[in-house]
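Coordinate analysis (summary)
Listed below, chain by chain, are the residues.
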Amino acid sequence: YDQDLGSAKFKNGVIHDAKFDQQAIVLLDKTSKSVIVSFRGTDVKDLNSFVKDVGVTFSGLTPFMVRDPTMENAPGRVHAGMAKAWTRLSKAILPVIKNLFEFSYDENYQHLYITGHSLGGALATMFAKGLYENCRAVRNKIVGYTYGAYAIGNTAFCDDFNSKLPNFFRCVNDKDIVP
């Protein structure tokens, strides 16, 4: 499955957004009927570019936007820079995952595992929430683990996220410099 959406491209299981240099990989395990999505963490060689392009500060929060116009926007607010990065990647990845779970009747995928580290963990969190809000077929199949992910939302967003996605876990080190 290949898809070209401006700077975000999906090719051979890898999603790459050239503008923000963000990547994710989609793996299929037909034996366990699982889909695994992993988001790459911060590229320390190009951290300055990412900070400049996405605006990683804790100053701006924006509503978490749901792409499906038939659904209400989710409660809470998220970091504006993360929302910007997520919006770009979601155009490439949401249709792929929705198709796997809504239209792959032969495979009948039962699990969606989502993971990421640091920036990838923040994007994995946004992805899980976006899928929950936009793809009813996958809601009860999401399991996630993030490592050292940025804090991306306010209390209302976190409370809503935790109530809807109880099998999603954020692992952090209390000595980490990233909040």
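Everything that follows concerns the structure shown earlier in this document.
Residues numbered from 1 in each chain as written. Predicted model: local features only at pLDDT ≥ 70, side-chain atom pairs only at ≥ 80, totals over all residues. Heavy atoms only, no water.

**Side note on the overall build of the chain**
Inclusion rule: Working definition: helices are DSSP H or I runs of at least four residues, strands are E runs of at least two. Numbering for both runs from the N terminus. Only protein chains enter the accessibility calculation, which uses a 1.4 Å probe; a residue is then buried when its area is under 20% of its type maximum, exposed when over 50%, and partly exposed in between. Whether two residues touch is decided by their heavy atoms; if any such pair falls within 4.5 Å, the residues are in contact. In short, Shrake-Rupley with a 1.4 Å probe defines the accessible areas, and a residue's cover is counted only from the protein chains shown.
When helices and strands are counted, the chain shows four helices and 10 strands. For the chain, the α and β elements follow one another from N to C terminus as β-β-β-β-β-α-β-β-α-β-α-β-α-β. A burial count over the chain gives 42% of its 179 residues as buried. In the chain, the proportion of contacts linking residues at least 24 apart, taken out of those at least 6 apart, comes to 67%. Carbon together with sulfur atoms contributes 54% to the accessible area of the chain, which is approximately 9,200 Å² in total.

**A look at the nonpolar core**
Worth spelling out the cut-off: Nonpolar cores are built from buried Ala, Val, Leu, Ile, Met, Phe, Trp, Tyr and Cys residues. Side-chain atoms within 4.5 Å join them into one set.
Ranked by size, the top nonpolar core spans 38 residues in total, and within it Phe39, Ile97 and Leu112 carry the most contacts. Secondary structure elements with two or more residues in this core: β4 (22-29), β5 (34-39), α2 (80-103), β8 (111-117), α3 (119-134) and α4 (155-164). Not counting residues within four places of it along the chain, the set of residues in contact with phenylalanine 39 comprises Gln23, Ala24, Leu89, Ile93, Ile114, Thr115, Gly116, His117, Gly120, Leu123, Ala124 and Phe127.

**Brief notes about the pairing of β8**
As a reminder, the rule being used: Note: two strands are recorded as paired if DSSP finds a minimum of 2 bridges between them.
A one-sided burial pattern is seen for β8, the buried positions being Leu112, Ile114 and Gly116 and the unburied ones His111, Tyr113, Thr115 and His117. In the sheet, β5 pairs with β8 via six bridges, with the strands oriented parallel. Paired with valine 35 across the bridge in β8 is leucine 112. Relative to strand β9 (residues 142-147), β8 is paired through six bridges, and the arrangement is parallel. Bridging from a neighbouring strand, tyrosine 113 pairs with valine 143 of β9.

**A look at the packing of α2 against α3**
Going by this rule: Interaxial angles span 0 to 180 degrees and are taken between N-to-C directions of axes, which are lines fitted to C-alpha atoms, for helices over the stretch in contact. Our angle categories are set so that under 35 degrees counts as roughly parallel, over 145 as roughly antiparallel, 65 to 115 as roughly perpendicular, and the remainder as oblique. We call a crossing left-handed when the near helix sits turned anticlockwise from the far one by less than a right angle, and right-handed when that turn is clockwise. Here the term charged refers only to Asp, Glu, Lys and Arg, the term nonpolar to Ala, Val, Leu, Ile, Met, Phe, Trp, Tyr, Cys and Pro, and the term polar to all other amino acids, Gly among them.
Close contact between α2 and α3 brings their axes to 9 Å; oriented N to C, the two are set at 55 degrees. When the axes of α2 and α3 are compared, the pair comes out oblique. The handedness of the crossing between α2 and α3 comes out as right-handed. Residues Met82, Ala83, Ala85, Trp86, Leu89, Ile93, Leu94, Ile97 and Lys98 of α2 pack against Leu119, Ala122, Leu123, Met126, Phe127, Gly130, Leu131 and Asn134 of α3. Looking at the contact of α2 with α3 residue by residue, the class counts come to 14 nonpolar, two polar and one charged.

**Digging into the pattern of salt bridges**
Which entries qualify depends on this criterion: Here, a salt bridge means any Lys or Arg side-chain nitrogen found within 4 Å of an Asp or Glu carboxyl oxygen.
The tally for this structure, following the rule as stated, stands at four salt bridges. A salt bridge links lysine 129 to aspartate 160, with the nearest nitrogen and oxygen atoms 2.3 Å apart. Of this pair, lysine 129 sits in helix α3 while aspartate 160 sits in helix α4; the two residues are 31 residues apart in sequence, bridging distant segments of the chain. The exposure class assigned to lysine 129 is buried, which follows from its relative accessible area of 0%. For aspartate 160, a relative accessible area of 10% puts it in the buried group. In this structure, the salt-bridge partner of lysine 164 is aspartate 160, at a minimum N-O distance of 3.2 Å. You can see lysine 164 and its partner aspartate 160 sitting in helix α4, four residues apart, about one turn around the helix. Taken together, the salt bridges that share partners define one network made up of Lys129, Glu133, Asp160 and Lys164.

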